[in-house]
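# Structure assessment
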Amino acid sequence: MKLFMATLATETNTFSPMPTGEAGFKGGRDWFRDDGSRHPPAIGNIPLIAWRQRGEADEVEIVESICTFAQPAGTTLRYVYEELRDTLLDDLRGAVPLDSVLLFMHGAMVAEGYDDCEGDTLARVREIVGPDVVIGIELDLHCHLTEAMRANADVMITYKEYPHIDMVERAHELYTLVARAVRREIRPVIAYHDCRMVAMWRTPLQPMRGFVDRMSSLEGHDGILSVSFGHGFPWGDVEEVGAKMVVVADGDMARAEALAAQLGQEIWDLRERTLGHHDSIDEAIDHVAHHGGHGLIVLADVADNAGAGAPSDNTEILARLVERGVKGAVIGCFWDPVAVGFCAEAGEGATFMLRIGGKCGVASGVPLDLKVTVMRVLDAHSQVGLSGGRVNAGPSAWVRTAGGIDIALVSVRQQTLSPDAFTGLGITLADKAMVVVKSTQHFHAGFAPIAAEIRYISAASGAVPPDYAHIAFTKRTRPFWPRVSDPFETN
């Protein structure tokens, strides 16, 4: 048996001011050529590592192509996507004949001229390998599920968890189903159900926790091979933006469609309970003032999440903390290589006026000029990432304002995922009342164990505000909730 595998992924925020170019794919720790599965886990190679382990155990011949996962940002430049795609396809042509293809892609990658990079890549892969080779794809649950993707994949699986702590489990699930399909033990068919919803769902919290567990309980029974809930990525202006249920069944499309529709109805019925509340900045600060003192309160700056394509240098919350004289707060991580460079030049212990953030446009807010003391400078900083990976933050600095607010500054744009984003710089958290993390939900896995409470804040000027009803789509013409109260009234 012979297996081909590769990663080509990014999540595209089409409203982001930052283009995704060649450096985004090749300039970091997530670029590998032919050997990604042989390196320590980052993000893009996590499924490849699992697939190689399984393949070698099964004595499968493995051909590995590119592995690249660009940090979410704006639309990918056309020539960059085409070059990466064509490199993957050239490697594929050199590998045929094959029994199976395993791809790790995001599901929400948009390039100039290509609203559906995953569907485009899958269609070209299918054209090369023919109808009999089994193609499987692992996707982020924040994906745009298209007909081109469904038509050209035999097995399609998304993560079940947000934060994405189950990348490895889903990789093993995909490998198992693809291997069974190669042996002709199963004949997978894929059904979609359009939930007609644009929102975000936090899977550790009820009632979503119960829904995810229910999806898992349905697998392996009555011909149901896999169940996924594609949450969608709200800040992608494409026709298929929105949530869909995905059910993979063994040869029975009617059964797959019926279950997808049933689960779609269940998630629809939960819509009001799962929407989630977002504090204003002052509401969050007031809450900490009134209810703090009994442990660390974590506040999520959801609208400035680099993991959804935001700059991660928005200053709104920091400005309000300073204006209100808040003491003992921690905030970060701010993407500000210029500020880090100034801190390195000044050295630890130096006190000076530092301009922080506000550098990338309207979504960044205004720059803040603050008197700070440089507490720590690191030439290389990192934090624990998703599903066991490690995330590079580059040269980084910890500064403290005259009012006692601790700020983490990094040179590599990345959302705040783990407490060691702060503690690795020397910032203590156990003695603090609040920590503000620039993340929408991925921080939850690392911070929930140390948090007395978690709350979510939406800064008005952030690049990924959770105002789903008013996102300025131009390509989705079908009605969706919450823009309309019942999108099923009009077909």
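See the structure shown above.
A brief report on the enclosed structure follows. (Residues numbered from 1 in each chain as written. Predicted model: local features only at pLDDT ≥ 70, side-chain atom pairs only at ≥ 80, totals over all residues. Heavy atoms only, no water.)

## Describing the layout of surface pockets
Where empty space is left becomes clear once a probe the size of a water molecule has been rolled over the atoms. One number sums up the size of the largest pocket: a volume of about 810 Å³. In terms of lining residues, the largest pocket is bounded by 44 residues, among which Ala 70, Gln 71, Pro 72, Arg 413 and Gln 414 are the most central. For the lining of the largest pocket, the class distribution of residues is 22 nonpolar, 16 polar and six charged. (1 Å grid on protein atoms, 1.4 Å probe; cavity = no way out; pocket = protein on both sides within 12 Å on 5 of 7 lines; lining within 4 Å. Points joined across faces, edges and corners; volume = space filled by probe spheres on them. Nonpolar A, V, L, I, M, F, W, Y, C, P; charged D, E, K, R; others polar.)

## A closer look at the pattern of salt bridges
Enumeration over the complete set of coordinates arrives at 44 salt bridges. Between Arg 478 and Asp 194 there is a salt bridge; the shortest N-O distance is 2.7 Å. With a gap of 284 residues between them, Arg 478 in the segment after β17 (453–457) and Asp 194 in strand β7 (residues 188–194) connect regions that are remote in the sequence. Note that Lys 438 is salt-bridged to Asp 304, the shortest N-O span being 2.7 Å. On the criterion of sequence distance, the pair formed by Lys 438 in the loop between β16 (434–437) and α14 (444–447) and Asp 304 in the loop between β10 (297–301) and α11 (316–323) is long-range, its members being 134 residues apart. (Salt bridge = Lys/Arg side-chain N within 4 Å of Asp/Glu carboxyl O. Helix = DSSP H or I, 4+ residues; strand = E, 2+ residues; numbered from the N terminus.)

## Some remarks on the environment of Phe 352
Structurally, Phe 352 can be placed in strand β12 (residues 351–356). For the pair Phe 352 and Pro 163, spaced 189 residues apart in sequence, the C-alpha to C-alpha distance is 38 Å. Apart from the residues within four sequence positions on either side, Phe 352 is in contact with Phe 342, Cys 343, Ala 346, Leu 370, Lys 371, Val 372 and Val 374. (Contact = heavy atoms within 4.5 Å.)

## Structural notes on empty space enclosed by the protein
For the structure shown, the criterion picks out four cavities of 30 Å³ or more. Approximately 100 Å³ is the volume attributed to the largest cavity. Partitioning the lining of the largest cavity into residue classes produces eight nonpolar, three polar and one charged. Volume-wise, the second largest cavity comes out at about 70 Å³. Around the second largest cavity, the lining residues are Met 1, Lys 2, Leu 3, Val 60, Asp 99, Ser 100, Leu 102, Tyr 175, Val 178 and Ala 179. Broken down by secondary-structure element, the contributors of at least two residues to the lining of the second largest cavity are β1 (2–9), β4 (100–104) and α6 (167–182). The element best represented in the lining of the second largest cavity is α6, accounting for three residues. Along the lines of polarity and charge, the residues of the lining of the second largest cavity split into seven nonpolar, one polar and two charged.

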